[in-house]
Amino acid sequence: MLKKWSAAVLGGLLVVGALGACGGEKEGDAGSGAKKDDGKITMGFAQVGAESGWRTANTKSIQEAATAAGIDLKFSDAQQKQENQIKAIRSYIAQKVDIIAFSPVVESGWDTVLKEAKDAKIPVILTDRAVDSKDTSLYKTFIGSDFVLEGKKAGEWLVKEYQGKTDTVNIVELQGTTGSAPANDRKSGFADVIKADPKFKVIASQTGDFTRAKGKEVMEAFLKANPKIDVLYAHNDDMGLGAIEAIVAAGKKPGVDIKIITVDAVKDGMTALSEGKINYIVECSPLLGPQLMDLAKKVVAGETIPQRVLTEETTFTPEQAKAALPNRKY
């Protein structure tokens, strides 16, 4: 049965607040069983951070969808640190929230805390990023993109762009956060597609931590170490945008002297694409909030849900970006 929050339990919110809580935190009912008609579902959400425009849009989508769905959201920002996410999840367990959702900073190292949530009979939903746990009973579902497919789409565009050409194509790669699912999968998907043609050479590959500043820094190093770069493949728009700054500073023209492929399709990236500074973007939608809240309600009600829920996404050329930008939500 759902129980009223006590002042002592509400005090536990200070732990989450220290991690950067900014969701609507109101007094409500919490429990692990089915929601009563007059009760309110309480969700604890542990976000990766605010490292990019994509993540900011993702956070906004989750917060707005929770409000619209009448779900009491306890929100924490892990600042891209796994230990912060684990602390937040343990705080949510102590608060006896109805459901926990989080976007894992990295893939590994979650079994212990997920087992604690399971033992407390609090269901968990993974959003945006997966974990590598072999025990899939530790979470109810994973909602997000197919990162391997995103990498393959990037590689397929590159293969088509250089079809019929025989000269070596020197590629540099800005990877996402080391150990994260999108970084691992976008890298492998891309590599799987281009490996069939020996003219494609990845001459440098390094993490840019999904941030614009790090993307610029690493691209500067790439340009100094490699006099001939034909293509940049960045695992997200923000790193690509940072790299564009470095390319311009080096006296080269982004999108022309160095072709650029990125993933995400946030407004800043789409704007650069429409201007020809980026050549191709693979979409990864951050607007997971409505789907997440719908799944949360079904889980708390005891309904069966799929263990994998994919988001619908597309790709963009400069012409398509120009057409899409006026109505772009993120």
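Residues numbered from 1 in each chain as written. Predicted model: local features only at pLDDT ≥ 70, side-chain atom pairs only at ≥ 80, totals over all residues. Heavy atoms only, no water.

(A) Layout of helix 3 (residues 53–69). For helix 3, spanning 17 residues, the distance from its first C-alpha to its last is 24 Å, which sits close to the expected 24 Å at 1.5 Å a residue. Those residues of helix 3 that fall on the buried side of the exposure criterion are Trp-54, Arg-55, Ala-57, Asn-58, Thr-59, Ser-61, Ile-62, Ala-65 and Ala-66. Here the buried face of helix 3 lies against strand 3 (42–47), strand 4 (72–77), helix 9 (237–249), strand 11 (259–264) and helix 11 (289–300). Looking one or two residues past helix 3, Gly-70 carries a phi angle of roughly 75°, positive in sign. (Helix = DSSP H or I, 4+ residues; strand = E, 2+ residues; numbered from the N terminus. Expected span 1.5 Å × (residues − 1). Buried < 20%, exposed > 50% of the residue type's maximum accessible area, 1.4 Å probe, protein only. Contact = heavy atoms within 4.5 Å.)

(B) Quick peek at the sheet that holds strand 8 (residues 169–175). If you trace the six strands from one edge of the open sheet to the other, you get 9-8-10-11-12-14, paired in mixed fashion. With one partner strand each, in any of the chains shown, strand 9 (200–207) and strand 14 (315–316) form the two edges of the open sheet. Alignment of strand 8 against strand 10 (residues 231–234), held across four bridges, turns out to be parallel. Among the inter-strand pairings, Ile-171 is bridged to a residue of strand 10, identified as Val-231. Of the strands in this sheet, strand 8, strand 10, strand 11 and strand 12 (280–283) are in contact with helix 9, which crosses strand 11 at around 155°. (Pairing = 2+ DSSP bridges. Axes fitted to C-alpha atoms, helices over the stretch in contact; angles between N-to-C directions.)

(C) Spatial organisation of unusual backbone geometry. Located in the positive-phi region is Phe-210, a residue other than glycine, with phi close to 65°. Tracing the backbone through its elements, the reader meets Phe-210 in the loop between strand 9 and helix 8 (212–225). Judged by relative accessible area, Phe-210 falls into the buried class, the value being 4%.

(D) A look at the side chain of Arg-129. With respect to the helices and strands, Arg-129 occurs in the loop between strand 6 (124–127) and strand 7 (141–144). Among the residues examined, Arg-129 registers a relative accessible area of 2% and is labelled buried. Within the structure, Arg-129 has its side chain in polar contact with the backbone oxygen of Val-105 (distance 2.9 Å). Sequence-distant contacts of Arg-129, defined by excluding residues within four places in its chain, comprise Val-48, Glu-51, Arg-55, Ser-103, Pro-104, Val-105, Phe-142, Phe-147, Ser-180, Ala-181, Pro-182 and Phe-210. (Polar contact = N/O pair within 3.5 Å; in protein donor to acceptor, adjacent residues only side chain to side chain.)

(E) How the structure looks around the sheet that holds strand 3. Taken together, six strands build an open sheet; the order of strands is 4-3-5-6-7-13 and the sheet is parallel. With partners counted over all chains shown, the strands left at the sheet margins are strand 4 and strand 13 (308–310), one partner each. Neighbour-to-neighbour, the strand axes of the sheet open up by a mean angle of 20°, direction not taken into account. In this structure, strand 5 (residues 99–102) lies alongside strand 6, joined through three bridges in parallel fashion. For Phe-102, the partnering residue across the bridge sits in strand 6 and is Leu-126. On the sheet, helix 4 (residues 82–95) packs against strand 3, strand 4 and strand 5 and is oriented at approximately 170° with respect to strand 3.

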